[in-house]
Amino acid sequence: MLPKPPGVERAPLLLVVHGHAGGQIPQVLLDLVGDLARGRQAPVWMQALTAEPLELPPGLPLVLVPLLLTPGSHVRSDVPAIRQRLRDQGHRVQALPFLGAWGPWLEHLRSLAAPAVLHHPLRQGVADRYLLALSQYLGVPCLSADRSGEGDAAALPLALAPNRMTAHLRTEDSACLALLERSATRQFLLNLLLDLP
């Protein structure tokens, strides 16, 4: 991590994540927020899509960072709605693409050399086509978790934090780790976010 140049202010970040029922945010994501705020020396908030909208200090310049891995309805509908709500509240918002579209992130996933990628079930459409392109880019199959079997235990779950899919895939013989439970991937994402303006 490079130190912040003197006199350069980092923009506050609003990270958007799916979250669990009732707006609960997994600890691995909360830890990431803390490390990111310390490293950037700037405010960092996390908005779970399953929670009520955060109340932020007025008039901030914000970078909106969707930590979402596929271009499903959350990326296409919920994130633009959050951006518009923030603008209506007087914030200056720069919205970034969803994480699954970032070139360095995709390179990192490819470097993990998993035999397959598991994803939660998706409706056909944009997200489905994205997974086909992801499969071609990574050179491995992308499998829906509802169709996975015991032989898929070594597959990489397309989940930042532990969720029902990773819990379902854990067995006595193997731990199906979410991406942020893997130290190299967590550090890689932290570095990506630290480098944002």
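Our subject is the structure listed above.
Residues numbered from 1 in each chain as written. Predicted model: local features only at pLDDT ≥ 70, side-chain atom pairs only at ≥ 80, totals over all residues. Heavy atoms only, no water.

Draft legend 1. Local environment of the overall build of the chain. The helix and strand tally for the chain stands at 6 helices and 7 strands. Across the chain, helices and strands are ordered from the amino to the carboxyl terminus as β-α-β-β-α-β-α-β-α-β-β-α-α. Over its C-alpha trace the chain gives a radius of gyration of 17 Å, about what one expects of a compact globule, namely 16 Å for 197 residues. Counting only C-alpha atoms, the chain reaches 50 × 35 × 30 Å along its principal axes. For the chain, buried positions account for 45% of its 197 residues. Taking as baseline every contact in the chain between residues at least 6 positions apart, the subset at least 24 positions apart corresponds to 74%. (Helix = DSSP H or I, 4+ residues; strand = E, 2+ residues; numbered from the N terminus. Rg over C-alpha atoms; globule rule 2.2 N^0.38 Å. Buried < 20%, exposed > 50% of the residue type's maximum accessible area, 1.4 Å probe, protein only. Contact = heavy atoms within 4.5 Å.)

Draft legend 2. Representation of the pattern of salt bridges in the model. By the definition in use, this model includes 3 salt bridges. Each member of the salt-bridge network shares a partner with another, and the members are Asp35, Arg38 and Arg186. (Salt bridge = Lys/Arg side-chain N within 4 Å of Asp/Glu carboxyl O.)

Draft legend 3. Expanded view of helix H4 (residues 126-138). Taking 1.5 Å of rise per residue, the 13 residues of H4 would be expected to cover 18 Å, and the 18 Å separating its terminal C-alpha atoms lies within 8% of that figure. Taken as a whole, H4 has its buried residues at Ala127, Tyr130, Leu131, Leu134, Ser135 and Leu138. All buried residues of H4 project into a common sector of 140° when viewed along the axis, lining one side. Turned more than 90 degrees from where H4 packs its buried face, Arg129, Leu132 and Gln136 sit exposed. Summarising the contacts, the buried residues of H4 are in contact with helix H3 (103-111), strand E5 (117-119) and strand E6 (142-144). Once H4 finishes, glycine 139 follows within two positions and takes phi at roughly 75°, a positive value. (Expected span 1.5 Å × (residues − 1). Arc of directions from axis to C-beta.)

Draft legend 4. Just the sheet that holds strand E4 (residues 92-95), in detail. Read across the sheet, 4 strands follow the order E2-E1-E3-E4 without closing on themselves; strand pairing throughout is parallel. Two strands bound the open sheet, and with one partner strand each, they are strand E2 (44-48) and E4. Each strand of the sheet is rotated relative to its neighbour by a mean of 25°, with strand direction disregarded. As defined by bridge partners, strand E1 (residues 13-17) adjoins E2 across 5 bridges and the pair is classed as parallel. Within E2, the residue paired with leucine 13 across the bridge is valine 44. Each of E1 and E2 touches helix H1 (residues 27-40); the most contacted strand, E2, lies at about 155° to it. (Pairing = 2+ DSSP bridges. Axes fitted to C-alpha atoms, helices over the stretch in contact; angles between N-to-C directions.)

Draft legend 5. Seen up close, the packing of H3 against helix H6 (residues 183-194). At a minimum axis distance of 11 Å, the contact between H3 and H6 shows a crossing angle of 170°. Classed by the angle they form, the pair H3 and H6 counts as roughly antiparallel. Along the contact surface, H3 presents Pro104, Trp105 and His108, while H6 presents Ala184, Thr185, Phe188, Leu189 and Leu192. Classifying every residue of the contact of H3 with H6 gives 6 nonpolar, 2 polar and no charged. (Parallel < 35°, antiparallel > 145°, perpendicular 65-115°, else oblique. Nonpolar A, V, L, I, M, F, W, Y, C, P; charged D, E, K, R; others polar.)

Draft legend 6. Representation of the nonpolar core within the structure. Of all hydrophobic cores here, the largest spans 56 residues; its most connected members are Val65 and Trp105. Those elements that place two or more of their residues in this core are E1, H1, E2, strand E3 (61-66), helix H2 (73-88), H3, H4 and H6. Setting aside residues no more than four positions away along its own chain, valine 65 makes contact with Leu13, Leu14, Leu15, Val16, Leu96, Trp102, Leu193 and Leu196. In this structure, Leu118, Ala155, Met165 and Cys176 belong to the second largest nonpolar core, which totals 8 residues. (Core = buried A, V, L, I, M, F, W, Y, C linked by side-chain atoms within 4.5 Å.)

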